[in-house]
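Structure at a glance
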Amino acid sequence: MITEAEDAAASITNLSEIQLRATSRRQSSLPLTGKDYRSLIIIGLLSMVQGTSLGFCMHSMLVILAEKGIPYASVGVLYIAKSPSSFKFLFAPILDSYYSKKFGRRKTYLVPIEIILGFFFLYYTFTVEDLMNRVDITTIFIVNFSICLLLAIHNIAVQGLTIYYHGNAHSSFASASQVAGNIIGHALGYFVLVPLSSPYFCQKFFDSEREVVPIWIFMVGFSVLMFTVAFVVTVFVNEDNDEDDLNLDYITIARMFKGFIDNKYLRRYIIILLLVRLGYAPVESIFEVMLIRNGFQKEYITIITSLTLPVPLFFSFLVGKMFKRHNEWTGYMLGQFVHIVCYFYQIWLLSTYNSEMDLTTSLYLLTACYLLIEIGTTTFATAKNSFDIRISEKSIEGSYFTMLSSISRFGESWPVWLIPLFIDDDNFLTVQMIGGAFLILFWILNWRFLLKFQKIKKEELKISQSLGEKFLEMTEDHSIDNEINKNREVQDNRVRTSTSTQNQTNNIRNNVLNK
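Residues numbered from 1 in each chain as written. Predicted model: local features only at pLDDT ≥ 70, side-chain atom pairs only at ≥ 80, totals over all residues. Heavy atoms only, no water.

Next up on the list: the pattern of salt bridges. This model, assessed by the stated rule, comprises 10 salt bridges. We note a salt bridge from Lys298 to Glu67, for which the minimum N-O separation is 2.7 Å. Of this pair, Lys298 sits in helix α14 (residues 298-307) while Glu67 sits in helix α2 (residues 34-67), and the two are 231 residues apart along the sequence. Classification of Glu67 by relative accessible area gives partly exposed; the value is 41%. Note that Lys258 and Asp262 form a salt bridge whose closest N and O atoms lie 2.8 Å from each other. (Salt bridge = Lys/Arg side-chain N within 4 Å of Asp/Glu carboxyl O. Helix = DSSP H or I, 4+ residues; strand = E, 2+ residues; numbered from the N terminus. Buried < 20%, exposed > 50% of the residue type's maximum accessible area, 1.4 Å probe, protein only.)

Have a look at this one:
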């Protein structure tokens, strides 16, 4: 369950990063050109690579292994494989500093990573079924950790390429392309793979004695996808005239973190972000595993989660309109309240469900649970990202927001890695009730602060004084260069538009004269 919630929040965060960087740039009213459509397709394909890989490695493998009786401690180990995504801000300086100018800043990393991912899935083609049958957690962890490490670097490059192509115009289309690519990839790696590779599902719905599409065929398809996208990026991505972005080194990152710690409001905010998911972890980290071990078919779980997939796409816009400036944490608290209700609802489901329960009733109960979880997650993730964008300090907005989102991502992840290590069949209910008590106490202690926090003026949340004069001078010079480039681009667009209009006029006049 936690993986779907994390991915929903991550999609909203990625969309917010693109929109944040576009707010300080002029949005073009020009229509989409053929080059724009091509770049949007490429961005969608790159996002599809990420969605497919994570959908299989972090979702499909987990539910298949759960059916084979994976220990709860091994669930935590598999979640640790996704840990590189929580430390993307540590990889960014490397991508900014070391690349081939001739080949392209982002292509330097995108193409090799996609080729390596293709070989990883070729390896899984010959080994994945044996590894899962033997429940070889060590080998699966090593391969999945390597894939997730590559995907973390891949995601940074995709974000950079998206901003490079559409930072000055059409950022909403770029965001939609990313989200769509992730959803399609996730569907292939999880919602399509699990049912079609399941003998139970295929026998029940397709009257087939064996799986319609074996897992190894999916692995071949994923490998071909990786190699194909690598070829497309090599041939069609052109990064000429790439602007030099303001790059962060590790010293600046450390100073930024110190700036957050020195500010009394941000310091408590960081503590909240790091602890907010601790109480949920005893249920969310093993919810699906426990259901499957109690007899619920994994194929029905994938179908139910696929039905809730559109919720983050549409509900995030509704939340954005309902909880506007200086009111974001009200929406956040509402989302957390829904989440807490679902937490105890999940405990009740786990304690009452058994394989003899009526299938229709259990499907309705579980669908309601997943819908509420997605609504709660989308509500507080959207509200939090809106607040983080609003308070991000001018001239370092992107870095400020990225740091907060990275801290938040780590806070969402570490409890899921750790808590399953302490859960077994004898104590899971006790640990879950302790988690519920922690949740109630946590929000009793913090809800007043958060409602007050949303009213604090932006000037009181600055961290620039900790970065040093040299970095601020670089920031100011970079802002001036960006403004010059924006004005030059606007002027070029006007010239192109004027030329196009003149050519159309000449063509019409010539046609009239010919007639």
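Moving on from the model shown.
Moving on, we come to the state of the cysteines. On inspection of all chains with the given rule, the structure shows 0 disulfides. Cys148 supplies the cysteine sulfur nearest to Cys57, a cysteine that is in no disulfide, at a spacing of 6.0 Å. The exposure class of Cys57 is buried, given its relative accessible area of 5%. (Disulfide = S-S within 2.5 Å.)

Take the environment of Tyr370 next. Looking at the element boundaries, Tyr370 is found in helix α17 (residues 359-391). The spacing of Tyr370 and Gln346 is 24 residues in sequence and 9.7 Å in space, taken between C-alpha atoms.

A word on a nonpolar patch on the surface. A surface patch of nonpolar side chains, amounting to about 650 Å² of accessible area, comprises Phe344, Leu429, Met433, Ile440, Leu441, Ile444 and Leu445. Take Ile440: it is sitting in helix α19 (residues 428-453). (Patch = residues over 30% accessible without salt bridge, like charges linked within 9 Å, V, L, I, M, F, W, Y side chains within 5 Å. Areas by Shrake-Rupley, 256 points an atom, 1.4 Å probe, with all protein chains shown as cover.)

Before going further, it helps to examine the confidence of the model for the protein chain. Averaged over every residue, the pLDDT of the protein chain is 81; the share at 70 or more is 79%. Low pLDDT, under 50, characterises residues 24-29; the stretch is placed with 19 contacts to residues that sit more than four places away or in other chains. (pLDDT = per-residue confidence, 0-100. Contact = heavy atoms within 4.5 Å.)

Moving on, we come to helix α5 (residues 107-133). A rise of 1.5 Å per residue sets the reference length of α5, with its 27 residues, at 39 Å; its end C-alpha atoms lie 38 Å apart and thus fit the reference within 8%. Its axis deflected by about 60° at Thr127, α5 carries its strongest bend there. At the exit of α5 stands Val135, carrying a positive phi of roughly 50°. (Expected span 1.5 Å × (residues − 1). Bend = angle between axes of the 7 residues up to and from the residue.)

Another point: the nonpolar core. Grouped together as the largest cluster of nonpolar side chains are 124 residues, with contacts concentrated most on Phe56, Tyr124, Met219, Trp443 and Phe453. The leading source of residues in this core is helix α6 (residues 137-166), at 14 residues. Setting aside anything within four residues of it in sequence, one finds Phe453 in contact with Tyr265, Leu266, Tyr269, Trp329, Phe387 and Leu461. (Core = buried A, V, L, I, M, F, W, Y, C linked by side-chain atoms within 4.5 Å.)

To continue, consider unusual backbone geometry. Residues other than glycine seldom take positive phi values, yet Val135 does so here, at roughly 50°. The residue Val135 is located in the loop between α5 and α6 in this model. A positive phi is found at Asp207, a non-glycine position, where the angle reads about 55°. Secondary-structure assignment places Asp207 in the loop between α8 (199-205) and α9 (215-236).

Given a rise of 1.5 Å per residue, 33 residues ought to cover 48 Å, and the 48 Å separating the end C-alpha atoms of α17 matches this to within 8%. N-cap assignment for α17: the residue whose side-chain oxygen lies 3.4 Å from the backbone N of Thr360 is Asp358. (Polar contact = N/O pair within 3.5 Å; in protein donor to acceptor, adjacent residues only side chain to side chain.)

Here we take up the packing of aromatic side chains. Within the structure shown, the criterion is met by 31 aromatic pairs. An angle of 70° between the planes, with centres 4.4 Å apart, marks the rings of Trp329 and Tyr332 as edge-to-face. One end of the pair, Trp329, and the other, Tyr332, are both in helix α16 (residues 328-352), 3 residues apart, so they sit about a helical turn from each other. Each member of the pair Trp329 and Tyr332 is classed as buried. Following the ring pairs from residue to residue traces out a cluster consisting of Tyr269, Trp329, Tyr332, Phe380, Phe387, Phe438, Phe442, Trp443, Phe449 and Phe453. Taking NZ or CZ as reference, Lys107 lies 4.7 Å from the ring centre of Phe103, over its face. If you follow Arg293 out to its NZ or CZ, it ends over the ring of Tyr72, 4.5 Å from the centre. (Phe/Tyr/Trp six-rings, centres within 6.5 Å; stacked < 30°, edge-to-face > 60°. Lys NZ or Arg CZ within 6 Å of the ring centre and 35° of its normal.)

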